[in-house]
Amino acid sequence: MKILRVALDVPLDTLFDYSAADQGEIAIGDRVLVSFGRRQMVGVVAEITDHSNLAPGRIKPVLQVFRDSPPLSGEIFRLLRFCADYYHHPLGEVVLNALPVPLRQTKPVARAKPTGYHLTETGLALETDTLPARAIVKRKLLQSLKQAGTLLRSDIAAISPSAPQAIKEFIARGWAEESEEIAEPAPTPAKADDLPPLTPPQEQAVTAILSGQDHFQVWLLYGITGSGKTEVYLRVIAQVLQHGGQALVLVPEINLTPQLESRFRARFPDTCQVSLHSRLSAGERLRNWSLAQSGRARIVLGTRLALFTPMPKLKLIVVDEEHDGSFKQQDGLRYSARDMAVARGKQAGTPVILGSATPALETWYNAGIGRYQKLELPARAIAEAALPAIHCIDISRAKLADGLSDSLIDALRARLERGEQSLIFINRRGYAPVMRCAQCGWVSTCHRCSSRLVVHLREKRLRCHHCGHESRIPPTCPDCGNADLAPLGQGTQRLEDNLGSLFPSARILRVDRDSTKRKQALPEMLERIHAAEVDIVIGTQLLAKGHDFKKLTLVGVVNADGALYSADFRASERLFAQLMQVSGRAGRDALPGIVLIQTQFPTHPLFQALIKHDYPGFAETLLTERKQAEFPPFCHQALLRAEAPQMETALAFLRKAQGVVPQDFDVNLFDPVPAQMTRLAGMERAHLLVQAASRGALQAFLSAWNKALFGLGGNVRWSLDVDPLEF
DNA sequence: AGCACGCCGACT
DNA sequence: GTCGGCGTGCTC
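Residues numbered from 1 in each chain as written. Chains lettered and ligands numbered in written order. Predicted model: local features only at pLDDT ≥ 70, side-chain atom pairs only at ≥ 80, totals over all residues. Heavy atoms only, no water.

Enquirer: I tried to follow the protein's contact with DNA strand B on my own but got confused; where do I start?
Expert: With respect to spatial proximity, the complete set of residues near DNA strand B consists of P11, R38 and R39. When the atoms of DNA strand B within 4 Å of the protein are sorted by group, sugar and phosphate make up 53%. (Near = heavy atom within 4 Å.)

Enquirer: Could you clarify how one ought to interpret the protein's contact with DNA strand C in this entry?
Expert: Near DNA strand C you find L12, F16, D17, Y18, S35, F36, G37, L54, R58, I59 and K60, and these make up its full shell. Between a phosphate oxygen of DNA strand C and a main-chain N or O atom of S35, the distance comes to 3.3 Å. The set of elements that each furnish at least two residues to the surface near DNA strand C consists of β2 (16-20) and β3 (31-36). Per element, the largest residue contribution to the surface near DNA strand C is 3 residues, and it comes from β2. (Polar contact = N/O pair within 3.5 Å; in protein donor to acceptor, adjacent residues only side chain to side chain. Helix = DSSP H or I, 4+ residues; strand = E, 2+ residues; numbered from the N terminus.)

Enquirer: So what exactly am I meant to see when it comes to the sheet that holds β3 here?
Expert: Within a sheet, adjacent strands bond to each other through the backbone by hydrogen bonds, running parallel or antiparallel. Within the open sheet, the 6 strands sit side by side as β5-β2-β1-β4-β3-β6. Their pairing is mixed. The two strands at the open ends of the sheet, each matched to only one other strand, are β5 (60-61) and β6 (64-65). Examined bridge by bridge, β3 and strand β4 (residues 39-49) share 6 bridges and lie antiparallel to one another. Bridged to L33 within β4 is V42. (Pairing = 2+ DSSP bridges.)

Enquirer: How should I be thinking about the UniProt feature "domain: Helicase ATP-binding" (unreviewed entry) in chain A in this particular structure?
Expert: Feature annotation in UniProt assigns "domain: Helicase ATP-binding" (unreviewed entry) to the following positions: residues 210-377. The span residues 210-377 carries 35% helix and 23% strand; its end-to-end C-alpha distance comes to 16 Å. (UniProt positions renumbered as here; feature names shortened; annotations may be inferred.)

Enquirer: Hey, could you run me through the pattern of salt bridges in this one?
Expert: Between side chains of opposite charge, pairing is possible as soon as their charged atoms come close. According to the stated counting rule, one finds 40 salt bridges in the structure shown. A salt bridge links E231 to R267; the shortest N-O distance between them is 2.8 Å. A residue pair is termed long-range when its members are at least 10 positions apart, and E231 in helix α9 (residues 229-242) and R267 in helix α10 (residues 257-267) qualify at 36 residues. Both residues of the pair, E231 and R267, count as buried. As a salt-bridge pair, R265 and E261 come within 3.1 Å of each other at their nearest N and O atoms. Of the two residues, R265 and E261 both sit in helix α10, 4 residues apart, roughly one turn of that helix. One network of salt bridges, in which partners are shared, links R429, R461, R463, E470 and D514. (Salt bridge = Lys/Arg side-chain N within 4 Å of Asp/Glu carboxyl O. Buried < 20%, exposed > 50% of the residue type's maximum accessible area, 1.4 Å probe, protein only.)

Enquirer: Looking at this structure, how should I read the environment of N706?
Expert: If you trace the backbone, N706 turns up in helix α22 (residues 695-710). Sequence separation between N706 and H89 is 617 residues, and the spatial gap between their C-alpha atoms is 9.2 Å.

Enquirer: Can you help me understand the packing of helix α8 (residues 200-211) against α9 in this one?
Expert: Working note: a packed helix pair is described by the angle between its axes plus the distance between those axes. Packing of α8 against α9 brings their axes to within 10 Å, and their N-to-C directions diverge by 35°. Taken as a pair, α8 and α9 cross one another with a handedness that is right-handed. Residues Q202, A205, V206, I209 and L210 of α8 form the contact with α9, whose own contacting residues are E231, V232, R235, V236 and Q239. Partitioned by chemical class, the residues of the contact of α8 with α9 number 6 nonpolar, 2 polar and 2 charged. (Axes fitted to C-alpha atoms, helices over the stretch in contact; angles between N-to-C directions. Left-handed = near helix turned anticlockwise from the far one by under 90°. Contact = heavy atoms within 4.5 Å. Nonpolar A, V, L, I, M, F, W, Y, C, P; charged D, E, K, R; others polar.)

Next up, the structure:
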């Protein structure tokens, strides 16, 4: 009897045996419908054997083998298995979470309809002018069909959101019909004479990567903002496309996808390109995923979740801004898309490009020891655009008006007079980070988290930025009844108000998560900045990355010091990267830029390195510190996390976990401690750190320990976090 | 994780 | 007399 070992989306570290009878050919990676307990579930066939350790009576038959979508390829299945092993996470959860939502459901998806359309004789005879002038979409659609011959559904959707409706009407009128077979669009290389010339370092980078096109190699593309990393990606991708391959490009944030997407589309207009990120609807995501799986989509651009997209002709992986923390998932399967991209490249035998101006220390280290190859782009691609001058403003002495020093105000005034733009960077949305009672010292705190409630004055509310809890601003102090409540500190909203009264005629725009909540808000705002309809931009993290504003010549950083007191050993690495990144916003065109950073510690080595634009120097300092402290990358870490309604429950579990430690492993176990964010959404959290000198020792230990932990039970939620970034 | 079974408090 | 609280146990 044929036994299928099936991976199911349950938090159990095991596969489940089912029997298969007359379901025809079954392959690893096939989706199956099975009865599990009292319910039905979708699983994925992980192994096929002819025996089971179970009593035959307990083995249920597979109910159905789905034929609506091709099975997961061996290649992608191997990656998922590696990921499950590396992060010690149940295979079923890993595999099922990699599938688009419709493929996880017990109903088969509608078989993909014919994906192409072409004009009929009648349609071809039709003149665009005969359509009503206001039928813009229909005119465009007709035009495009005439030009291209056949259009894919995705192409049609790209014309306009209403174009899919229009094509139905065309079919109803007999102007168009579905195409039975769609020829692969011939790869058309971009015209060489249109391309911007490469700088010598870019040229070298492209040549180096192309020379190793057919085997695994990690390239660290190290270059400051504006040095032209994207152009290097584009040139390498062009070669990949010409050889019939597929390229996977990962970016840290959804907000960066549209920008890169349009740049790629402009360069490769005839190439099928899809994006994958969490803001797509389930249907779009399935469609794009399937296009990649079939090999039709040649460029896949997306956030970390795009890493698990099946791509049969994968020839290149690019991870842009590889240092960015958002490549690490912070719940469930805590994987690093950057690290798994390297693993995928290794399995597929393709080059992997990690791009950054401030590489993660781990990456820098790997390049230093020769595991990765470093390629450096030293200059800004636009020769006239010099590096911005970075200055620190010592606010331990200068007095501040509403958080702004005189020097910064003067600099802002000068830009306004010259008609140039300024950006004030402040990584705190809301009006003020906390509400405080001047009388008794009460501060607004969240009931469910160990965090402070942020003042949102416009909405007259206090909000927890961790759990989303909201309440009205109390009229008087809840503790002492005094009416002397005041917002303490600066947030984006307050800065907006203050700058408004300082510069009444200036056009000020605030760009943060609150002001860009509406779907199209961010692109519209970016457009206004580009069109020079804004004088002063107040921005958070959101604006730090990737946007290139030609008229922007001043970047002010209001308060950068928080990270300097942080208990997190990676805080200064992140601060440096962040400041380097916002600095890159200044003076990207012909106008020279200046960066003013307000700090209490202007002599701190971090700022000293920043002023010199000296990432390598700063990285060396950090590496020396890490080596002395035996921190990553000089050791390997894992965290056992536990959460429960009571802290004591979580700690008790962790102590028990300490007790079941298997012997003879060369690892170092620390005592359980409460997490830095002790309470979150009503749960108390604690963790236990494991360190090992080698990755192998850590992995061997975790495998054995993980098994023991499953036997522990208890009323806590626990999980392993391999290579943790947050404590 | 679900979803059952299983024994103790306030209700039509 | 029942509805329902969430403890613990299992799922091929």
